[in-house]
Each structure stands twice: as C-alpha cells, then as structure tokens.
Amino acid sequence: MGVGALSVWEKSSTARVMPPARPRKLAKVPFVELADGRLQGVVSSGSDIGRVYVSSVAARTYAFACSTNNNRPCGGARGMFCKHIQALVGEAVLQYGAERVARYLAVETPDGEPDARSLTAVMTAARPVLGDSSAAAQVFSRFLRQLAYLELDAVTAPLPEMQWFPPTRAVA
C-alpha cells in the first residue's frame, strides 16, 4: 500500500453506536464510558453542586482513581472504592449492561448473572490499589466536549468539526 492508502478494514470501519441497556438519570453520573482500558466517568458531588469527581477503574487490576475536577483527591477513596466509584459502576451497568461491563473489566462473577453489586464485590475482594489519576483531565475534557454538543441547535446538516470522519460505504 502506498502512502495515504487505506486498507479495506480502515475504509469500512465505523463507530458502532449501541442503545443504552436501560434509561438512566444523568444527575448523579452524567458521563460514563468504557475506554482506554478503564471504566471511567464523571460523578456529581452529593454536597457541592459546583464539584464533580472524575473516577475510574482499570480493567483486570481494578486499580481505581477518584479526584475532583480541580485534581484534589477524593477523601473516600482510601484503600477501597469510594461512593463515586460505586455509583460509576452502577450507571455503567445501566448504560452498557452488566455482561458488557464485566467482560470489559475482566470481572468473573461466581453466581451467574452479574449486576452492579456483584461486580463491585468481586473487584473489591481483589483488594485493588489506588491507581494513577493522570487520565482525569482527559476524561473531564471529553465530558465537557459532550456538554458542548448538547448546547447546539438540532440540525440535520453535518457538523464542521466532524467532517474528518469518512462517509460510510465510500468507494475509493
């Protein structure tokens, strides 16, 4: 292949959008994603309306991180999952389904059908360590970017910043 040539896979690949497993309320956990080898997202503070926490759990090791949007550590994440991470796991199960979350994080639940509580129990039983919170800025940035799209008027025309995506079924 020459410079700039795309393989068949690259020409035909598109991001698959899956509907949520169940509807969820966005007030407590407005942003959740399975990305970069982690379950990560933004969780609202229960005590301060202007504060949010950026929380994450790594796949396989279950190393966790939780800090505020100002990069201050979470007071509840001391050797175990804080309430923000527990809320994140619960909302991820609503968004993606328990089986998909368990598969992504490599969690094997002993009693068949996983749910948020059983996933959290298996991960905490593994005694995960406090992980690196350096990805919090990127997660928070993606959350802010998502909020910016919500402020746009509903139109059917393409968005200029999304023009770099190739059209589907394009012929070379």
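Residues numbered from 1 in each chain as written. Predicted model: local features only at pLDDT ≥ 70, side-chain atom pairs only at ≥ 80, totals over all residues. Heavy atoms only, no water.

**Here we look at the overall build of the protein**
Now for step 1: Within the protein, the secondary structure is distributed over 5 helices and 4 strands.
Now for step 2: In sequence order, the secondary structure elements of the protein are arranged as α-β-β-β-β-α-α-α-α.
Now for step 3: When the 172 residues of the protein are sorted by exposure, 37% land in the buried category.
Now for step 4: For the protein, restricting intrachain contacts to residue pairs at least 6 apart in sequence, the fraction spanning at least 24 positions comes to 51%. (Helix = DSSP H or I, 4+ residues; strand = E, 2+ residues; numbered from the N terminus. Buried < 20%, exposed > 50% of the residue type's maximum accessible area, 1.4 Å probe, protein only. Contact = heavy atoms within 4.5 Å.)

**A look at the environment of Ala 136**
Now for step 1: One can find Ala 136 in helix H5 (residues 136-150).
Now for step 2: Along the chain, Ala 136 and Val 42 lie 94 residues apart, while their C-alpha atoms are 9.2 Å from each other.
Now for step 3: Aside from chain neighbours lying at most four places away, what touches Ala 136 is Val 54, Ser 67 and Asn 71.

**Concerning helix H2 (residues 83-96)**
Now for step 1: Between its first and last C-alpha atoms H2 spans 20 Å; for 14 residues at 1.5 Å apiece the expected length is 20 Å, and the two agree.
Now for step 2: When you tally the buried positions in H2, you get 10 out of 14 residues, the bulk of the element.
Now for step 3: Within H2 the residues assigned to the buried category are His 84, Ile 85, Ala 87, Leu 88, Val 89, Glu 91, Ala 92, Val 93, Leu 94 and Gln 95.
Now for step 4: For H2, the elements touching its buried residues are strand S1 (31-35), strand S2 (38-44), strand S3 (52-58), strand S4 (64-68), helix H3 (98-105) and helix H4 (116-125).
Now for step 5: Phi turns positive, to about 95°, at Gly 97, one or two residues after H2. (Expected span 1.5 Å × (residues − 1).)

**What to know about the sheet that holds S4**
In a beta sheet, neighbouring strands pair by backbone hydrogen bonds and run either parallel or antiparallel.
Now for step 1: Pairing in this open sheet of 4 strands is antiparallel, and the strands run S1-S2-S3-S4 from one edge to the other. A single partner strand is all that each edge strand has here, and the edge strands are S1 and S4. Along the sheet, successive strands turn relative to each other by an average axial angle of 10°, direction set aside.
Now for step 2: Where S2 lies against S3, 7 bridges are found, and the strand directions are antiparallel. What sits directly across from Leu 39, in S3, is Val 57. (Pairing = 2+ DSSP bridges. Axes fitted to C-alpha atoms, helices over the stretch in contact; angles between N-to-C directions.)

**Thoughts on the pairing of S3**
Now for step 1: Across the 7 residues that make up S3, a large majority, 7, are buried.
Now for step 2: Side chains of S3 alternate between two faces, with Val 52, Val 54, Ser 56 and Ala 58 and Tyr 53, Ser 55 and Val 57 buried alike.
Now for step 3: Sheet topology note: the S3/S4 ladder contains 5 bridges and is antiparallel. Across the sheet, residue Val 57 finds its bridge partner in S4, namely Phe 64.
Now for step 4: From the end of S3 to the start of S4, which pair antiparallel, there are 5 residues, and Arg 60 there has a positive phi angle of about 75°.

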